[in-house]
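# Structural overview
Chain residues, written in single-letter form:
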Amino acid sequence: MGSKFFFKPATLPSLSPPPPFSSTRNPYHTFKRLLPVACSKPISKIPPYKANGFTSQATVPTPVYGEEEDLQTLNLKLLKGKLEELGIEMDNFVPGQHNHLLCPRCYGGDSREKTLALFINPDGSGASWNCFRGKCGWNGGTRPYAIPGSNFTFVSPIQEKKVKKNREITEKSLELEPPCDELLCYFAERLITKKTLQRNRVMQRSYGNQICIAFTYWRNGVLTSCKYRDSTKRFWQEKDTEKIFYGLDDIKGADEIIIVEGEMDKLAMEEAGFLNCVSVPDGAPPSISSKDLPPKDKDTKYQYLWNCKEYLKRASRIILATDGDQPGKALAEEIARRVGRERCWRVSWPRKNKDEYFKDANEVLMFLGPTALRDVIENAELYPIRGLFSFKDFFGEIDAYYHRTLGYEMGASTGWKALNGLYKVVPGELTIVSGVPNSGKSEWIDALLCNLNRSEGWKFALCSMENKVREHARKLLEKHIKKPFFDAQYGGTAERMTVEDFEEGKQWLNDTFYLIRCEDDKLPSINWVLDLAKAAVLRHGVHGLVIDPYNELDHQRPISMTETEYVSQMLTLVKRFAQHHSCHIWFVAHPRQLHHWVGAPPNLYDISGSAHFINKCDNGIVIHRNRDPHAGPLDQVQVCVRKVRNKVVGTIGEAVLSYNRVTGEFMDID
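Residues numbered from 1 in each chain as written. Predicted model: local features only at pLDDT ≥ 70, side-chain atom pairs only at ≥ 80, totals over all residues. Heavy atoms only, no water.

### Quick word on the overall build of the protein chain
- Each helix and strand in the protein chain was counted, giving 18 helices and 27 strands.
- In the protein chain, which comprises 670 residues, the proportion classed as buried is 47%.
- Taking the contacts inside the protein chain whose residues are at least 6 apart along the sequence as the reference set, 65% of them involve residues at least 24 apart. (Helix = DSSP H or I, 4+ residues; strand = E, 2+ residues; numbered from the N terminus. Buried < 20%, exposed > 50% of the residue type's maximum accessible area, 1.4 Å probe, protein only. Contact = heavy atoms within 4.5 Å.)

Okay, here's the thing in C-alpha cells:
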C-alpha cells in the first residue's frame, strides 16, 4: 500500500443510545386515528389518574363510537396501541385474564422467561402489569384515554433524558468517493472482488493526501451511518448516527441470518455465496458478562440488536460466525443471550495447523477459498443451551463405557468375593446403609473403605458424628494393620500392634481420610457438610464421602414443608453432589425404634423419616448381625443388598461375612 492510503483520526466519535421507549407518535393522535369519523363530541373532564406518584389532571376527549365498532372494541384497540408504545407486544391477549408475556425491561434474564403478568379489564377500561422477576419488578397501569403521563413508565419529567436526534447524512455530505485502484488491490489480496465492493457500496474518504476505507451502513436504501478503517486497523464511526448492522438491507425478510464480527467477514461471506449476512458495528467484548441482561435502554453496547429487532424477529435460524478467539466467543454468547439461544447455530473454524485454527471468515476465504468457507457455514452446529443436550454430546463417554475404557464403569471391588456379585462401588452414586443399632453398619463401611484404599488407592471424607476421633482412628487402624489397638480382648490371643505399626498407621490415616466435624455444639446441616466435602474433593481428591448417621444432622425446615418433602430435597442435593463430583456417598440412616430387635433384618422402608431413602438412592444395603445363638454363629454378619439401580454392576441378594471382634475385620467365609 502507498503511504497516502489511510487516514488516522485524532478522536474516535461514539454514539449515545436513544432513551427507553421514545416515540414521536402522540398517543392522542393514535386515539384520534382509531376513532370513527363521526367522533366530534366535546372534551370532558375525568377524575385525576394517579400512577407511580404522578397525578394527571389532563382533559381527554369523550369517546364516540360508530355502528360497526362498540366501546369495548375501541377501548381494546386504544389499550393495545398504548401498550405497544411501552414495549409490551402482544399477538393475542384475553381480557379478564392474566396474560404472561416477555418483559420489555428485563427480557426475562438469561432464561428469557415470560415474567410479565398483564391484566386487561374485560370492558377494556384499563390495563395493569407487573414483572415478577425479582431483579426487575416493573409494574404499572394505563387507561385507553389517558395521556402519556398517566401510565406507569417509571420516568418522571425530571429523570427523562433528552432524545438525541440522529444526523441525516449523505454520500455527498460525507465527501465519499468510489474506491481507488490502490484500495481495489488491497481488497483483491483478500479475495474480495470489485463487484462485491460495489454491491455493498464500500467507498473511500480523503483527508488531504491520505485516504481511508468507508463502510457505509444503509437502512431501506437510506444512508444511516458510516464506519472508517485506517491502515493500522483503527476504526471510528460518524457520530450521532444510529447503530445498526452492516449490510442490514440484505437480511430484510430473511428466515436465515449469518452474523459476523467485522465488515471484511461480511464481504468474505458474499464471495462464498451468502448474501444474508450482516456484521456487528462495534466489534467484540473482551469476555462474557456475568451480570443479568440490562434493560433495553441501558444495553448500550448491543443497541444495534434492538434497533434491528424487526429484522431479527422473523429469522428462525441465526448462524453466529464470529471470530474464533475469546472475544469472538464472548460476542456470540452475548448475541445468543439477546436473540434466544434456541434460534442460534455456531460455526467452528477449521484448523490452520497443528497448533492453531483459522480466526474468521476472511482468513478461511484467503487460505482455503470460497468452497471451504461455504462448507464451514453449512456445517454449523446448534448453539449449546445450558442443561439441554443430545446424545451426541456424550458419545465419547458412551464409547468408553462400551469398550470398558472408562474408569470404574463396572464399579470398584468391595474386597469380598461373596459381595462382589451383588454390589460394587461406582463413583457418582448414593448408597443408603441401614440396620438396627449395634448391627455393625459403621464398622462395615470402615472395612469397605480400607479395602477400597488398599486396592484402588481411594481417599475419603468422613462425617461421622457418633464416633469420637480417637475411637474412629482405633477402628480404622485395626482394620488396616489387622492387629488389635490394645491387648487382645474377648478371649483372643492376637498380638497388639507395635509402635512401628502404630506410627505407620498414623501416616496412613492422615494420607487417606479427611474429617468433617463441627467444632461447636451445633448440629451440622447437609449444606454445611456438602460444602466441606466439595473442598475435600477439590483440594485432596477424595473419591468417597461417608455421612453417618442421618439423625445427627440439623434438619430444620420451613413450617409448611413436611418431613417427606424435606428428605426428598435433601437426598436430591446429595445425589447431585455425588454425580457432579464423581464421588460415591455412603449415607447411614437408622430404622425406626428397634433397639431390642432379635428377628430378621429390617427393610429399607423401615428407615425413620421417609420412604424417599429407598426411592432416591442408587443402592440400598441393610447390615444385620445375628444376636440369637440358637439361630447361628454370633460372629456372622448379613449384608443384604435390597436395591441396585445399575443392574450392570449388581443385583439384589444377600452375602454373609465373618466378623472378627478383635481386629474389626470382615472376611469371606470359606
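Moving on from the coordinates now.
### With respect to helix α5 (residues 263-271)
- Of all the nine residues making up α5, eight are buried; the element is thus mostly covered by neighbouring parts of the structure.
- Every buried residue belonging to α5 is among Glu263, Met264, Asp265, Lys266, Leu267, Ala268, Met269 and Glu270, and all of these are buried.
- A positive phi of about 100° marks Gly273, the residue just after α5.

### A look at the sheet that holds strand β16 (residues 317-321)
- With mixed pairing, the five strands of this open sheet are ordered in space as β15-β14-β16-β17-β18. Strand pairing shows two members of the sheet lacking a second neighbour, β15 (277-279) and β18 (381-382), which therefore form its edges.
- Across five bridges, the pairing between strand β14 (residues 256-260) and β16 is parallel. Among the inter-strand pairings, Ile258 is bridged to a residue of β16, identified as Ile319. (Pairing = 2+ DSSP bridges.)

### Observations concerning the confidence of the model for the protein chain
- Summing up the model confidence of the protein chain, the mean pLDDT is 82 and the portion of residues at 70 or higher is 83%.
- Throughout residues 1-68 the model reports pLDDT below 50, and contacts reaching past four residues in sequence, or to other chains, amount to 135 contacts.
- Note on residues 147-161: pLDDT is under 50 here. Beyond four places in sequence and across chains, it has 32 contacts. (pLDDT = per-residue confidence, 0-100.)

### Notes on helix α3 (residues 181-188)
- Regarding α3, the residues found buried are Leu183, Leu184, Tyr186 and Phe187. Projected onto a plane normal to the axis of α3, the buried residues spread over an arc of 155° and lie on a single side.
- Taken together, the buried residues of α3 touch α4 (194-199), β10 (202-207), β11 (210-219), β12 (222-229) and α5. (Arc of directions from axis to C-beta.)

### So, the sheet that holds β10
- With respect to topology, five strands assemble into an open sheet ordered β9-β10-β11-β12-β13, the strand pairing being antiparallel. Sheet topology places β9 (176-177) and β13 (235-237) at the edges, where each strand pairs with a single neighbour.
- Both β9 and β10 contribute to a ladder of two bridges, which runs antiparallel. What sits directly across from Leu176, in β10, is Arg205.
- Packing against the sheet, α3 makes contact with β10, β11 and β12, and its axis sits at approximately 70° to β11. (Axes fitted to C-alpha atoms, helices over the stretch in contact; angles between N-to-C directions.)

### Re the pattern of salt bridges
- Here the structure, examined in full by the defined rule, presents 29 salt bridges.
- Linking Arg338 and Asp299 is a salt bridge whose minimum nitrogen-to-oxygen distance equals 2.7 Å. A residue pair is termed long-range when its members are at least 10 positions apart, and Arg338 in helix α8 (residues 326-339) and Asp299 in the loop between β15 and α6 (303-307) qualify at 39 residues. In this structure, Arg338 and Asp299 share a single accessibility class: buried.
- Across the salt bridge formed by Glu363 and Lys352, the nearest N and O atoms sit 3.5 Å from each other. A residue pair is termed long-range when its members are at least 10 positions apart, and Glu363 in helix α9 (residues 361-368) and Lys352 in the loop between β17 (344-346) and α9 qualify at eleven residues.
- Ionic contacts of the salt-bridge type, sharing partners, join the residues Arg199, Asp250, Lys266 and Glu270 into one network. (Salt bridge = Lys/Arg side-chain N within 4 Å of Asp/Glu carboxyl O.)

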